[in-house]
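Below, each chain spelled out in residue letters.
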Amino acid sequence: MSGRIGRGPFLGAALLLLCLAVLPTRSHAIEVQRVISPGGIEAWLVESHRVPVIAMEFAFRGGSSVDPEGREGLANLASTLLDEGAGDLDAAEFQQRLTDAAIDLSFGARADAFQGSLKTVTTHADEAFGLLQLALTAPRFDADAVERMRAAVLADIQRRVAEPDWLGRRAFYDVAYEGHPYGRPLRGTAATLAAITADDLRGFVADNLVRDRLVVAVTGDITPEALAGILDEVFGALPAGGPPVAVPDTRPGAAGMTVLVERSGAQSFMMLAQPGIGRDDPDFYAAYVLNHILGGGGFTSRLTQQVREERGLTYGIFSYLANFRHSDLMLVMSSLSNDNVGEALAVIRAIWRDVAENGVSEDELADAQTFLTGSFPLQFTSTERIAGYLRRVQLENLPIDHIDRRNDLVNAVTREAVARVAARLLDAEALTVVVVGDPEADLAPDLRVPAASLAARELNDGGS
Amino acid sequence: MYLSQRIGILALLTNLFLMASAGPGAARVFDPETFTLDNGMQVVVITNRNAPVVTHMVWYKVGAADEPPGRSGVAHFLEHLMFLGTGDVPEGEFSNIVARSGGQENAFTAWDYTAYFQSIAVDRLPLVMELEADRMTNLAVSAERALVERNVIIEERRQRVDDDPSARLNEQMFAALFLNNPYGRPIIGWEHEIAGLTLDDALAFYRDWYAPNNATLVVSGDIDAETLRPLAERTYGRIPARAVPDRNRLVEPAHAVERRVVLRDESVVLPSWRRFYLAPSFGEPGANPGDVYALQVLNEILGAGSTSRLYKALVVDQGLAVGAGSSFSPSDLNQTAFAIFITPRADADLVAVEAAVDAEIARLLDGDLPEEELAAARERLAIEAIYARDSLFGPARTVGQALTIGRALEDVESWPERIRAVGVADVLAAARTVFDPTRAVTGMLVPTGEAAGQMAGRPETGAPAAGVEEEIR
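Residues numbered from 1 in each chain as written. Chains lettered and ligands numbered in written order. Predicted model: local features only at pLDDT ≥ 70, side-chain atom pairs only at ≥ 80, totals over all residues. Heavy atoms only, no water.

Engineer: Please clarify how the interface of chain A and chain B should be interpreted in this entry.
Structural biologist: By a widespread convention, an interface's size corresponds to the accessible area lost as its parts come together. The interface of chain A with chain B comprises 85 residues on the first partner and 84 residues on the second. For the chain A and chain B pair, buried surface summed over both sides reaches about 7500 Å², with 57% attributable to carbon and sulfur atoms. One can count 3 salt bridges joining chain A with chain B. With its nearest N and O atoms 3.6 Å apart, the salt bridge here joins Asp367 of chain A to Arg100 of chain B. At the junction of chain A with chain B, the criterion picks out 22 residue pairs in polar contact (both at pLDDT 80 or more). (Contact = heavy atoms within 4.5 Å. Buried area = accessible area lost by both parts, 1.4 Å probe. Salt bridge = Lys/Arg side-chain N within 4 Å of Asp/Glu carboxyl O. Polar contact = N/O pair within 3.5 Å; in protein donor to acceptor, adjacent residues only side chain to side chain.)

Engineer: Hey, could you run me through helix H10 (residues 309–317) of chain B in this one?
Structural biologist: An α-helix turns once every 3.6 residues. As a result, residues three or four positions apart point the same way. Turning to H10 of chain B, its buried residues are Arg309, Leu310, Tyr311, Ala313, Leu314 and Val315 of chain B. Positioned one or two residues after H10 of chain B, Gly319 of chain B has a phi angle of 60 degrees, which is positive. (Buried < 20%, exposed > 50% of the residue type's maximum accessible area, 1.4 Å probe, protein only. Helix = DSSP H or I, 4+ residues; strand = E, 2+ residues; numbered from the N terminus.)

Engineer: Is there a simple way to explain the confidence of the model for chain A in this structure?
Structural biologist: Detailed reading of the predicted coordinates is not advisable wherever pLDDT is low. For chain A, per-residue confidence averages 93 on the pLDDT scale, and 93% of positions sit at 70 or higher. When the criterion is pLDDT under 50, residues 1–27 of chain A qualifies, and its contacts beyond four places in sequence or with other chains add up to 54 contacts. (pLDDT = per-residue confidence, 0-100.)

Engineer: Would you mind showing me how to read the packing of helix H11 (residues 302–309) of chain A against helix H12 (residues 341–358) of chain A here?
Structural biologist: What describes two packed helices is the angle between their axes and the distance between those same axes. Residue and element names in this part refer to chain A. As a packed pair, H11 and H12 sit with axes 10 Å apart at the nearest point and diverge in direction by 150 degrees. Regarding the angle of H11 to H12, the classification is roughly antiparallel. Two packed elements cross with a definite hand, and for H11 against H12 that hand is right-handed. Every residue of H12 that contacts H11 at Arg302, Leu303, Gln306 and Val307 is listed here: Ala344, Val347, Ile348, Ile351, Trp352, Asp354 and Val355. A breakdown of the residues in the contact of H11 with H12 according to their chemical character gives 8 nonpolar, 1 polar and 2 charged. (Axes fitted to C-alpha atoms, helices over the stretch in contact; angles between N-to-C directions. Parallel < 35°, antiparallel > 145°, perpendicular 65-115°, else oblique. Left-handed = near helix turned anticlockwise from the far one by under 90°. Nonpolar A, V, L, I, M, F, W, Y, C, P; charged D, E, K, R; others polar.)

Engineer: I'm lost on the environment of Ser119 of chain B in this one. Help?
Structural biologist: All names here are of chain B. Here Ser119 lies in strand E6 (residues 114–121). As for Ser119 and Glu105, which are separated by 14 residues in sequence, their C-alpha atoms are 6.3 Å apart. A polar contact of 2.9 Å, which involves the side chain of Ser119, links it to the side chain of Thr55.

Engineer: Please clarify how unusual backbone geometry should be interpreted in this entry.
Structural biologist: Comment: phi is negative for the bulk of residues other than glycine, and the bulk of peptide bonds are trans. All names here are of chain A. The phi angle at Ala102 is positive, at roughly 50 degrees, despite the residue not being glycine. Locating Ala102 in the fold gives a position in the loop between helix H3 (91–100) and strand E4 (104–109). Here Ala102 falls in the buried class, since its relative accessible area comes to 6%. A positive phi angle is found at Asn397, which is not glycine, with a value near 60 degrees. Examined against the element boundaries, Asn397 turns out to sit in the loop between helix H14 (383–395) and helix H15 (402–411).

Engineer: Would you mind showing me how to read the pattern of salt bridges here?
Structural biologist: Two side chains bearing opposite charge may form a pair once their charged atoms approach each other closely. One pass over the full model with this rule turns up 59 salt bridges over all chains. With a closest N to O distance of 3.0 Å, Arg150 of chain A and Glu147 of chain A form a salt bridge. One end of the pair is Arg150 of chain A and the other is Glu147 of chain A, both in helix H5 (residues 143–160) and 3 residues apart, which spans about a single turn. One salt bridge in this structure joins Glu371 of chain B and Arg378 of chain B, with 3.0 Å as the shortest N-O distance. Ionic contacts of the salt-bridge type, sharing partners, join the residues Asp156, Arg159, Arg160, Glu163 and Arg187 of chain A into one network.

Engineer: Got a minute to help me understand the environment of Gln96 of chain A in this structure?
Structural biologist: The topology assignment puts Gln96 of chain A in helix H3. Not counting the four nearest positions on each side in its chain, Gln96 of chain A is found in contact with Thr307 and Lys312 of chain B.

Engineer: Looking at this structure, I do not really get the domain arrangement of chain B. What am I missing?
Structural biologist: All names here are of chain B. For chain B, the domain assignment lists domain 1 (4–238) and domain 2 (259–447). Taken together, the contact between domain 1 and domain 2 spans 58 residues of the former and 66 residues of the latter. Summing both partners gives a buried area of about 5000 Å² for domain 1 against domain 2, and 65% of it is carried by carbon and sulfur. Applying the counting criterion to the domain 1 and domain 2 interface returns 1 salt bridge. A salt bridge links Arg168 to Asp265; its shortest N-O distance comes to 2.4 Å. Connecting domain 1 to domain 2 are 16 residue pairs in polar contact (both at pLDDT 80 or more). Those elements that provide at least two residues to the side of domain 1 that touches domain 2 are strand E3 (42–47), strand E4 (53–60), E6, helix H5 (165–177) and strand E7 (215–221). Class assignment for the residues of the side of domain 1 that touches domain 2 results in 35 nonpolar, 18 polar and 5 charged. (Domains from an automatic or database assignment.)

Engineer: Mind showing me how you'd approach the side chain of Ser48 of chain A here?
Structural biologist: Residue position: Ser48 of chain A is located in the loop between strand E2 (42–47) and strand E3 (53–61). Residue Ser48 of chain A is classed as buried on the basis of its relative accessible area, which comes to 18%. Setting aside its immediate chain neighbours within four residues, Ser48 of chain A contacts Gly220 and Asp221 of chain A together with Asn50 of chain B.

Engineer: Mind showing me how you'd approach the domain arrangement of chain A here?
Structural biologist: Residue and element names in this part refer to chain A. Taken domain by domain, chain A comprises domain 1 (33–235) and domain 2 (258–459). Each of domain 1 and domain 2 has a C-alpha centre, and these two points are 28 Å apart. The partner domain 2 presents 38 residues to the 45 residues of domain 1 that form the contact. Summed over both sides, the interface of domain 1 with domain 2 buries roughly 3600 Å², with 69% coming from carbon and sulfur. Counting across the domain 1 and domain 2 interface gives 4 salt bridges. At the junction of domain 1 with domain 2, the criterion picks out 18 residue pairs in polar contact (both at pLDDT 80 or more). For the side of domain 1 that touches domain 2, the elements supplying multiple residues, two or more each, are strand E1 (33–36), E2, E3, strand E5 (113–121), H5, helix H6 (164–176) and strand E6 (214–220). At 12 residues, H6 tops the list of elements feeding residues into the side of domain 1 that touches domain 2. Here the side of domain 1 that touches domain 2 is composed, by residue class, of 26 nonpolar, 10 polar and 9 charged.

Engineer: Before we go on, may I ask you to explain the packing of aromatic side chains in this structure?
Structural biologist: Given two aromatic rings, one states the distance between the centres and the angle between the planes to describe the pair. Taken as a whole and judged by the stated rule, the model has 40 aromatic pairs over all chains. A centroid spacing of 5.5 Å and a plane angle of 65 degrees characterise the contact between Trp111 of chain B and Phe174 of chain B, whose relative ring orientation is edge-to-face. Here the residue Trp111 of chain B occupies a position in the loop between strand E5 (104–109) and E6, and Phe174 of chain B occupies one in helix H5, the gap between them amounting to 63 residues. The same class applies to Trp111 of chain B as to Phe174 of chain B, namely buried. Put simply, the rings of Phe299 of chain A together with Tyr60, Phe83, Phe94, Tyr116, Tyr206 and Tyr210 of chain B pair up and form one aromatic cluster. Its guanidinium or amino end placed over the ring of Phe94 of chain B, Arg135 of chain B lies 3.8 Å from that ring's centre, counting from NZ or CZ. Directly above the aromatic system of Phe35 of chain B lies the positively charged group of Arg229 of chain B, at a separation of 4.3 Å from the ring centroid. (Phe/Tyr/Trp six-rings, centres within 6.5 Å; stacked < 30°, edge-to-face > 60°. Lys NZ or Arg CZ within 6 Å of the ring centre and 35° of its normal.)

Here it is in structure tokens:
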């Protein structure tokens, strides 16, 4: 038939030349404006009037890592309650006001930040920002709402303890961050959740929702002038500051350790972990490219090629860099039949040894760079996603022109830099291995824990 | 409701058909342009100049519900094989070329369609059109490689279904709900039938169904029809049309009994209560589209979010549950399901939970539906249609899905008007047709050893409404 396209390995390159000639890329620079309100509150704005929608993504540094001892889960519970009654509005009235205007408002606790997201159509913007201001400055924590959300969080924990990937992460953070806030469960346990009082919640708000921990990103149908006024209205009444965030920097422990969480089922969940690299490390982008080559998205990574495409051992395997504010990780995850665990582990370790010793090829580097730079604009296809990206840039202390600079940073990575960072980071023997399941291979685990006892620990409410 | 795909990125699309014809608040929703190639392939362009990128999708009008008996999973198996090479593009090269171009790609299979997509810089669009057109007719995979892929799919099934009690319950509930309709078979296939699939099975399915006249091209992003037309003519336009089979679907007989499905699993800590009612869809022959629009509004009132009737009754007022909601996705060719999901509190009695749901339904069937409540729901859906425009992937998916089940672009564009026209009598009439206990399956997920009269479900706050955006990483 006629839909034929060239032949052999030159196909791609030939077509690319053709395409470049056909459809030149227009310039669509994303212009980020720094807006500073009369009251001194800063926001980063991408103004766009294509769709009558405004998205605001903000965060207060701190998050669940500052939950008090014995009150683990406080930030998370608070995040479910700010929109459950505020000011003169009880929970039902507050929710009805959001619903009637189709305003999306949500809060969430992460390890290092307490985040909020607001989306509204322009015609309901005043209502949306007014409700947000109430939620942040006058949450009620009425007893019925607190009990309702406490039950919902408890149910969330009950659901998670049955999931293999949750059990694997729990087991890993237990051994790798023992004694550090990152070792504690973000949602708390049944016992710590039960211990949280309305006063604790008020204390959380007073200490954490403060202006010197705030970052704000806004996108959409709004001018900088209008936004400046709104920033003062929404955030101006918050306290200037709170107690310092006292979370120590740390490295993950448990190097070389193997943990088996015993659980019956068709598959095992497997997680491998090792120290990562700091966001401000000069070799961060080399590591970022390295991770893409090892286990980044799509079908081209070494892990996907060798574990899935060549051997059919799993439906999915991937790796990623996890940068907490005070610790850095590199993680590999996969679900696979119990029979396949031993072989997959051997393949992964062989890849780690090979790349630590030999680095990557010129082609692999070039392909990773073209993918990472070429796919970068795909993150900016909706107002929410642009705002979410800019919030992350601020939380990571990157400059306001980061979007313009980011592809240059990726392209500047050399094969030598990748080899250097691979030799520094990758150590097949030092990987922490957590398997949840009933693997056929003998993993000779250093620690063996039944899934039921891990679950029971989370579910014991400390009462009776 | 379920999609299976090559890698698990898209998750469930469940409630997206909320916008299944979602469009804009004003007269137009997505304002698409369309034309048809000489070989019968329809092309739709949705211009969105937010970023210099496009989403390029080819939708085949064939899915798991079109599989021959005994070959469940073959549509999805073929979808996987489509990435493994053609006469001109060696194994692995398709994905390599797309990745080298900064593109993100995947595919998904549903009961009624199979779709392939790439999101990529607009200057690489001609490249992916060449590649996609090539694999429409030139697939070439070795039998050995196909067997490896079959193992990948068995792993996929174990990960998505077998090791997830909630997914297993849904699978069993669909099997119990549909007596004759092919939606009773899982899209990914039954494991024993997947294990017997061969390369020849997949290629026979491919030769039967994959043809330009049985496909729709949808491109959204930084492009317009004038620019796209010559590219489409040069790629897809060169493939000759070919006869494809009729999609003769079996239809449901009259249902006569209430059905109840209980799944006990030792890993379950938090129970679940669900009910699926047989419901009309947009593509179902003989269905009244007015009923479908009315059910979309009803879904909003009954089960969308924390001000919905189910949430208020079960979670807020009676304290029986931590989550409650409903889900309705009518972009199907056969009768579909209107689903209610409850996550009871751990100490709640499932009998009381069921009674509370039934009471809410009875209240509705008694005619308790104030005009103001309906008007507010219609207004929210109109705003959802505005949000739906704020995306690259979403509009292409909505349009592709609609056209693939035989709807017209104008149906997508007029969705807000049709929703605005839904009145109290329409909603009540639709509810009275659908909420018939003999046309429903009630499902419960309980820990091993528990009686099915005392438990909770998962925090499905009702609508897993989260848009599945183009999160390929």
